[in-house]
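Residue-level structural notes
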Amino acid sequence: MTTGAFVDKAFDHQAAVEALLSDYRRWGGDDASGVETADAVIQACRQRGMAANVLHPLAGDLDFARAVVADGVQPAADGALRLPGACGHPAVEAMAEVFGQIRFLNAQCRELGRRLLLQRQLLFCFKVVYRSDEAQEELVSVLVDPLTEEAAPVPGLTGAQDIGLDGGAAWQGYALKRLYRSACGHLERLLAARGRRLELAAQRRLERDMARLEDYYQGLREEALEPLARELHRLEAARNRARLWRAIGIYGAAPAAEPQESRGAPSESATDRELSALEARVQEVLTALAADRERRIQELKAKYTVRAEAALVAAASVWTPRVEVRVKLTGPTRREIIFFYDPIRRRCLDLSCEACQAPLKEVHLCARGELVCPRCFAPCAACGKALCVSCVPARCHLCDAPLCGSCGTACPLTEPLAVAGTAPAAAGPPRHVCHACRERTCGPCTVLAQFLAV
Amino acid sequence: MEIAFRSEHEAVLDALAQGRFEPWRWFELRLRAERLGLTQGFERLLCLEGLRIELYDHQREAVLRVLRDMRGRALLADEVGLGKTIEAGVILKEYMLRGLARKALILAPASLLTQWQQELAEKLGIPARINRSADNWHRWDCVITSLDTARRAPHADRIREIPWDMVIVDEAHRLKNRHTVSWRFVDGLTKKYLLLLTATPIQNDLTELYNMFTLLKPGLLRTYSSFKREFMLDKRSAKDAGRLRERLSEVMVRSTRRDALLRLPRRLVETVPVPLSGPEEAFYRDVVAFARSLHQGGGAAGERVLPLILLLRELCSSPHAACRTLEVMACSDRLEPGEREWARTLAAQARAIAASARKLAAAESWIAAQAEPVLVFTEFRATQAALAERLSALGFIVTVFHGGLTREERSAAVDRFRQAGGVLISTEAGGEGQNLQFCRVVLNYDLPWNPMRVEQRIGRVHRLGQTRDVRIVNLITPGTIEEHVYRLLHEKICLFRQVIGDLDLILAEEPRLERTVGQLVLEAPDEEALLTGLAAVGRRFERARQRWEAIQRRNEEVLA
């Protein structure tokens, strides 16, 4: 979760600064006497607390611990894992809800025990700045699990307790960098989504400005073309007058004197030259306008482009609780499994389909003892033997139904066929047919096979 | 969206790797502090907390409007004296604090460059540099220069190459004509934010308004033809003034004193004539004759103008001030032996009359009659020292303030004056940047020949925050150049009585009054010719002043 909403108008900044200063002084901050302005208070506080080593509030929560390790948990008749009756603790309720969604569909489940463990994770706190024509900042905290390298935004850790400040729990440099990179990767995905809102707002402003600009340049273009149109009219009229004058000269009696209005009228070639020159000038203006418009558009785009910048401002080593659950499954085979529940992310770990790695909620136990999801569970179409996609030995080549080794029937066309007087035909890979398909389609094939054999 | 990670993570990761953990409460405190330091748009002004500057309500509103609604492109058109410069500085600082601006270009009139630099440095902590070299445009983040320098080769091309985050143009009425090099230059700059500062966007006609707004936001008033059709009745009157104002308000902030509920107290001007004694008058005449002789003597006369003008100004201040220059001249190789001897004689004359200078006595008796702190201004350190010595000997509490003091010494001097009262004797260094509103009496021991400097002196006490009427007392020596300069400033520009504001507009006719007066004195064959020359300067000032008043009225009509 993000700490620090974008705009909170009800927030009393002055009061918050005063409270901060009061705490700073109470805890004996250095040079507290010189700290007066909000900036100075903030700056002073930034000098401390870069890293911490703490126990997650849930890890020190005794009610949670008691509820988690309580005895007498048995799966319900529908195969779901059930925790003891609701105790009102939100973390326990959440855990009960997650457990309630796990169903062992073809096996009896007996819980062998539960333990509460502590596991160290890394909390990275980033300050993120989004910049376009304005700036927005927020703090984003990401918790990274060193086992899975998965990162997740986390709520605040109010009530966390210090645990060992003596440096006994330092992190290895390589692991640390990997985890930091993983946090950065997560943050990038998160920011892309969060920045979308700002991008849309900036986009709206950009569009408004662009529309104004387009309108302006359209007007300028029209104004630039106006003299050209006027001139064209004038030249067209002059050209017509000149043509008329020549026509009169050719077909009529030559007038004694050149008519007044055609005097000084340009010849056709002169008109064309004038027109070309004018066109060139207008074209020049239009080109300049286009370049100018392009420059302004680029300027606007640069102004409204949203960029984000993240800086790591603090990090903490957080000892988080983890619930280890041990259960025994009895079904097509017997198997003891251990999985973990992560109360921070509110999900089970190590309980994923062993064929496709998808998180498991509805669980099937296959005959070879694998835990698989319904999509990967593939019982034999003939005898119903619990199989999964990893262990199914054969499939019907017609309907693709899974078949166990004993139920599969060879396709007559793929069996080596021996015809009298000839060598046996080369056999292809063995193909299987389920009972249903064999009854439905194998009769003609058998006849064909026999015919070929004869 | 482009996402960058800053490299400061190393320190944090190091702390983890070495197990340098701190108590959780400090960690939490740090995060709380970070959260409080977060920028949320432009809801609040960040720089006010860090710099302890105080803005008036109209300034705060203007800054927030520019940041929030106008997105950094605005015309700041507050009436004179309402603090446009500080508004622009705060806007720049806010953008800088939010990481939205780094490269800033400030284009101001040459006479205001230093003032800009000081205001930015002292009030806003922005290290701006005045640049006149072609090579430094890329080097510094915040550069101040004059429009005239910037638009010229080779600077113009260099400046145009840089994508500026913020461009500020002070006295932006210079961009009133879109066919000028200046307008085209500013228009051609690549810039994200643009602030134009002027109290009088309309100098002559509405076209100027169109040109300036097109610079800020092309298309806001559409094309010029549309603007003419829609908003211009004729060149000077608006057709649909209400709608025009509405349109302009998208990018213009204009506060008047009435809006801001700010009324500066009155300026009460007093003149204390201090006639010269016989020996003083003789000394005055001799020095003027000496200066004229050197100037008219040919040779290196052109080179001598400035030192001679300085000598004349010193002469008007005190024999102590003049004595130093005369002593230097007496040893100068650039003067003929006869001239050196003359200078030596004059220096001896100055020393002889220094102790009995009438101005010193007049100042002393006038100050003694005051019941409140007095701020005395003089142009010269020698005069300052003599006056300080004299007053101290008589038991006055005297504090001196000059450009040779360090920043700490300056603020200590001001604190002392604030707390102990008495007399603060300041040179021009005290005329800039110091706010001394707690005092309301200014004694001009001598008068700068530059009206800007006079205004700066008065501005130290006659400014926003001053609640009482301000007394401005000028010690004037009749029959000297000082009296002529005083008449020009007082009668033609009305400098002492009211805030003129756009002084540079009035002074455009006579941008270097100091030199003009000096040359008139040096070149005039007699007193009558001098008076005729000064009268001509006075008339030019009067016309400029009337023009300025007309401009004020025109702006009021369209924009108010």
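The present account deals with the structure reproduced in this document. All values derive from a computational prediction rather than experimental measurement. (Residues numbered from 1 in each chain as written. Chains lettered and ligands numbered in written order. Predicted model: local features only at pLDDT ≥ 70, side-chain atom pairs only at ≥ 80, totals over all residues. Heavy atoms only, no water.)

The number of helices and strands found in chain A is 7 helices and 16 strands. A burial count over chain A gives 43% of its 454 residues as buried. Accessible area for chain A stands at about 23,300 Å²; split by element, carbon and sulfur atoms hold 54% of it. (Helix = DSSP H or I, 4+ residues; strand = E, 2+ residues; numbered from the N terminus. Buried < 20%, exposed > 50% of the residue type's maximum accessible area, 1.4 Å probe, protein only. Areas by Shrake-Rupley, 256 points an atom, 1.4 Å probe, with all protein chains shown as cover.)

As a further point, take the overall build of chain B. Within chain B one finds 24 helices and 14 strands. Taken against the 2.2 N^0.38 rule, which gives 24 Å for 560 residues, the C-alpha radius of gyration of chain B at 27 Å falls within 12% of a compact globule. For chain B, the spread of C-alpha atoms along the three principal axes comes to 80 × 70 × 50 Å. Residue burial in chain B is summarised as follows: out of 560 residues, 58% are buried. Put simply, of all contacts in chain B between residues at least 6 apart along the chain, 76% involve residues at least 24 apart. Carbon and sulfur atoms form 48% of the exposed surface of chain B, whose accessible area is close to 22,600 Å². The distance from the centre of the 84 positive side-chain charges to the centre of the 75 negative ones in chain B is 3 Å. (Rg over C-alpha atoms; globule rule 2.2 N^0.38 Å. Contact = heavy atoms within 4.5 Å. Lys, Arg positive; Asp, Glu negative; His and termini not counted. Charge placed at Lys NZ, Arg CZ, Asp CG, Glu CD.)

A few words now on the sheet that holds strand 3 (residues 103-104) of chain A. Residue and element names in this part refer to chain A. Taken in spatial order, the 3 strands of this open sheet run 3-11-12, and their pairing is mixed. A strand with exactly one partner marks an edge of an open sheet, and here the two such strands are strand 3 and strand 12 (371-372). Bridge count for strand 11 (residues 362-365) against strand 12 is 2 bridges, and the pairing is antiparallel. Bridge pairing links His364 to Val372 in strand 12. (Pairing = 2+ DSSP bridges.)

What follows is about the sheet that holds strand 10 (residues 374-377) of chain B. Residues and elements named next belong to chain B. Spatial ordering of the open sheet is given by 9-14-13-10-12-11, a layout of 6 strands whose pairing is parallel. Looking at which strands have only one partner, the edges of the open sheet turn out to be strand 9 (267-273) and strand 11 (398-401). Strand-to-strand twist across the sheet, computed as the mean angle between neighbouring axes with direction ignored, equals 20°. For strand 9 and strand 14 (residues 470-476), the ladder comprises 7 bridges, and the chain directions are parallel. (Axes fitted to C-alpha atoms, helices over the stretch in contact; angles between N-to-C directions.)

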